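Analysis of the macromolecular model
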Amino acid sequence: MTAAEPAPRAATTVAGPAPAVAEPDPTCAPAPVPPLAARARSVGGSPVRDILAVTARPEVINFAGGLPAPELFDREGIAAAFEEVLARTPAQALQYSTTEGEPALRAGLAARVTARGLATVPDDLLITTGSQQALSLLATALLEPGDTVLVENPCYLAALQVFGLAGARVVAVPGDADGVDPAALEQAIHREHPKLLYLVPTFQNPTGRTMPAPRRAEIAAVTARCGLWIVEDDPYGELRYDGERVPWIASLPGAEDRTVLLGSFSKVMAPGLRLGWLRAPAELRRACAVAKQAADLHTPTLNQLAAARYLDVLDAHVARVRAVYGERRDAMLAGLPDALPAGSVWSRPEGGMFLWARLPESYDTLALLPRAVEQNVAYVPGAPFYAGAPDPRTLRLCFVTQTPEEIAEGLRRLRRGLGRLGG
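Residues numbered from 1 in each chain as written. Predicted model: local features only at pLDDT ≥ 70, side-chain atom pairs only at ≥ 80, totals over all residues. Heavy atoms only, no water.

**Section: the overall build of the protein chain**
For clarity, the threshold we go by: A helix here means a DSSP run of H or I that spans at least four residues, while a strand means a run of E at least two residues long, and both kinds are numbered starting from the N terminus. For every residue, the accessible area (1.4 Å probe, protein chains only) is compared with the maximum for its type, and the residue is labelled buried under 20%, exposed over 50%, or partly exposed between those bounds. We call two residues in contact when some of their heavy atoms are within 4.5 Å. All accessible-area figures derive from a Shrake-Rupley calculation using a 1.4 Å probe, and residue coverage is judged against the displayed protein chains alone. Charge counting treats Lys and Arg as positive and Asp and Glu as negative, with His and both chain ends excluded. The atom standing in for a charge is NZ when the residue is Lys, CZ when it is Arg, CG when it is Asp and CD when it is Glu.
Assigned secondary structure in the protein chain consists of 13 helices and 15 strands. Along the first, second and third principal axes, the C-alpha set of the protein chain runs to 100 × 60 × 50 Å. Scored against the burial criterion, the 423 residues of the protein chain give a buried share of 50%. Within the protein chain, residue pairs in contact and separated by at least 24 positions form 75% of the contacts whose partners lie at least 6 positions apart. About 19,800 Å² of surface is accessible on the protein chain, with carbon and sulfur atoms providing 58% of the total. Within the protein chain, the 46 negative side-chain charges are centred at a point lying 2 Å from the centre of the 41 positive side-chain charges.

In structure tokens:
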């Protein structure tokens, strides 16, 4: 319409009588709100978190959590990284960022992954808000309700939660001291038609075991032959105290196009930064980036930039942490023969944070936990870590949070709590 054209005449509306409004019935109760989603109703919380809440008293020696030792955090080094970022690039540090992650952090991380034997460029990586988010993004990108996921038995507890919340069927694959059995895996694939296999091959949570290189190659061959995604979770791999490093499954022939590698800065830098990452084939990585856009847009810019600067000194810090954690592992191993009932067996992890024990036939570690807490010591019963039938005799102990002296005292209390008197 030009300026010379007259404005159109507004339509005329004749108002009728207002409709009657029903008076509310004071005797009628309000209608209930709709129920939670079925997936939210069917998946419980973390038993580990529940135990930590109950045992938060300072007098409790807590072997239950998977918590890095706070006195080993490099407070000065991390503070300096934040100060430098805020001084030099404040506008960038305090602004929104890309979903995929800050280029400086992705470049530094790609160099670290490449140096450890897996050629990686920044575009191979997606920075996540902790590696736990990476699991959730993968579940969103890969799983439909009713899809099947294969896992180790026992398995990382929070992975079971993620897959359960996605509505997946979780099926445990039998294994041995070296991890998942390849023949049993192939049988499970043909029987269950799964979409993915989830593994923590190095210093596994909860058992502490490490899958040897030949077994990893067999697993890679089975998945390539049968058509299956592998999710290789590696939050503990840099915490090795003895033995030789084992190559990632993601670096093995036949696994390149089907393996998602997850990592975390929580155990080697600081968990409060909430920084993790995934390395995945392009199509799946893009799908995870879209899922991340819907979840949180991006991981905090300031934390990413500070971590990128801290990478220059991270190796020296990790070396200090490994030396201390190795002593604490040895202290726990030295005290276990007197702490656990005769006939118990336990793992001797080459690294990581956890040790796994199995008590004699008559013991139930879930039933015994209140007695241990009465002695001001805590552990995690093994049952929640099983996707299949649990072994009630098992328990997980974290050895990195306490000093050797505190570990010795905690094991004396554990001896009393498990019924071995005289400790």
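So, next bit.
**With respect to the environment of A270**
Mapped onto the elements of the fold, A270 is located in the loop between strand 9 (259-264) and strand 10 (276-279). Under the relative-accessibility criterion, A270 is labelled buried at 12%. Considering only alpha carbons, one finds A270 and L72, 198 residues apart in sequence, at a separation of 9.5 Å. Sequence-distant contacts of A270, defined by excluding residues within four places in its chain, comprise F73, I78 and F265.

**With respect to the pattern of salt bridges**
We count it as follows: Any Lys or Arg side-chain nitrogen located within 4 Å of an Asp or Glu carboxyl oxygen qualifies as a salt bridge.
Under the criterion given, the structure shown has 26 salt bridges. Ionic pairing is found between R216 and E232, a salt bridge with its closest N-O pair at 4.0 Å. Pair noted here: R216 is in helix 9 (residues 213-226) and E232 is in strand 8 (residues 229-233), with a separation of 16 residues, a long-range link. R329 serves as the salt-bridge partner of D242, at 2.9 Å between the closest nitrogen and oxygen. Residue D242 is found in the loop between strand 8 and strand 9, and its partner R329 is found in helix 11 (residues 301-339); the two are separated by 87 residues along the sequence. A relative accessible area of 3% places R329 in the buried class.

**A word on the nonpolar core**
Put simply, the rule is: The term nonpolar core refers to a set of buried residues drawn from Ala, Val, Leu, Ile, Met, Phe, Trp, Tyr and Cys, joined through side-chain atoms within 4.5 Å.
Counting residues in each nonpolar core, the largest one holds 94 residues, and the members touching the most others are F163, Y198, F265, M269, M332, Y379 and L397. The element best represented in this core is helix 11, accounting for 16 residues. Those residues in contact with L397 that lie beyond four places of it in its chain are F63, M332, L336, M353, F354, L355, Y379 and L414. With 19 residues, the next largest nonpolar core counts L185, A188, L228 and I249 among its residues.

**Here's the deal with the side chain of N303**
Tracing the chain through its elements places N303 in helix 11. Overall, N303 belongs to the buried group, its relative accessible area being 15%.

**Quick notes on the sheet that holds strand 3 (residues 148-151)**
Worth spelling out the cut-off: A pair of strands is labelled paired if DSSP reports no fewer than 2 bridges between them. The angle between two axes is taken between their N-to-C directions and runs from 0 to 180 degrees, where each axis is a line fitted to C-alpha atoms and a helix contributes only its stretch in contact.
Read from one edge of the open sheet, seven strands run 2-10-9-8-7-3-4, paired in mixed fashion. Of all strands in the sheet, those bounded by a partner on one side alone are strand 2 (125-128) and strand 4 (169-172). On average, adjacent strands in this sheet sit at an angle of 20° to one another, irrespective of strand direction. Sheet analysis places strand 3 next to strand 4, joined by four bridges and oriented parallel. Looking at the pairing, T148 lines up with R169 of strand 4. This element, helix 6 (residues 131-142), spans strand 2, strand 7 (196-199), strand 8, strand 9 and strand 10 of the sheet and lies at about 155° to strand 9.

**Some remarks on empty space enclosed by the protein**
Applicable threshold: Residues are called lining when one of their atoms sits within 4 Å of a cavity or pocket point, these points coming from a 1 Å grid over the protein atoms alone, where a cavity is a set in which a 1.4 Å probe fits but cannot get out and a pocket is an open set with protein on both sides within 12 Å along at least five of seven lines. Grid points are joined across faces, edges and corners, and a volume is the space filled by probe spheres set on the points. Polar here means any residue other than Ala, Val, Leu, Ile, Met, Phe, Trp, Tyr, Cys and Pro, which are nonpolar, and Asp, Glu, Lys and Arg, which are charged; Gly is therefore polar.
Under the counting rule described, the total for this entry stands at three cavities of 30 Å³ or more. Put simply, the largest cavity is a space of about 160 Å³. Taken together, the elements giving at least two residues each to the lining of the largest cavity come down to helix 5 (103-115) and strand 9. Looking at the lining of the largest cavity residue by residue, the class counts come to nine nonpolar, three polar and four charged.

**Re helix 5**
Since the α-helix packs 3.6 residues into each turn, any two residues three or four apart lie on the same face. Spelled out, the test is: One fewer than the residue count of a helix, multiplied by 1.5 Å, yields its expected span. Note: the arc covers the axis-to-C-beta directions of the helix.
Between its terminal C-alpha atoms helix 5 stretches 18 Å, which fits the 18 Å expected from 13 residues at 1.5 Å a residue. Within the span of helix 5, buried status applies to L105, R106, L109, A110, R112 and V113. Each buried residue of helix 5 lies within a common arc of 165° when the element is viewed along its axis, so the set occupies one face. Facing away from the buried side of helix 5, by more than 90 degrees, are the exposed residues P103 and A115. On its buried face, helix 5 is in contact with strand 2, strand 10 and helix 11. Directly beyond the C-terminal end of helix 5, a positive phi value near 105° is found at G117.

**Considerations on the packing of helix 11 against helix 13 (residues 404-417)**
Threshold: Small angles under 35 degrees read as roughly parallel and large ones over 145 as roughly antiparallel, with 65 to 115 read as roughly perpendicular and the rest as oblique. Left-handed describes a crossing in which the near helix is turned anticlockwise from the far one by less than a right angle; the clockwise case is right-handed.
In contact at an axis separation of 9 Å, helix 11 and helix 13 are set at 25° when each is read in the N-to-C sense. By the angle class used here, helix 11 and helix 13 are roughly parallel. The handedness of the crossing between helix 11 and helix 13 comes out as right-handed. Side by side, helix 11 and helix 13 meet where R328, A331, M332, G335, L336, D338 and A339 of the first sit next to P404, I407, L411, L414 and R415 of the second. Class assignment for the residues of the contact of helix 11 with helix 13 results in eight nonpolar, one polar and three charged.

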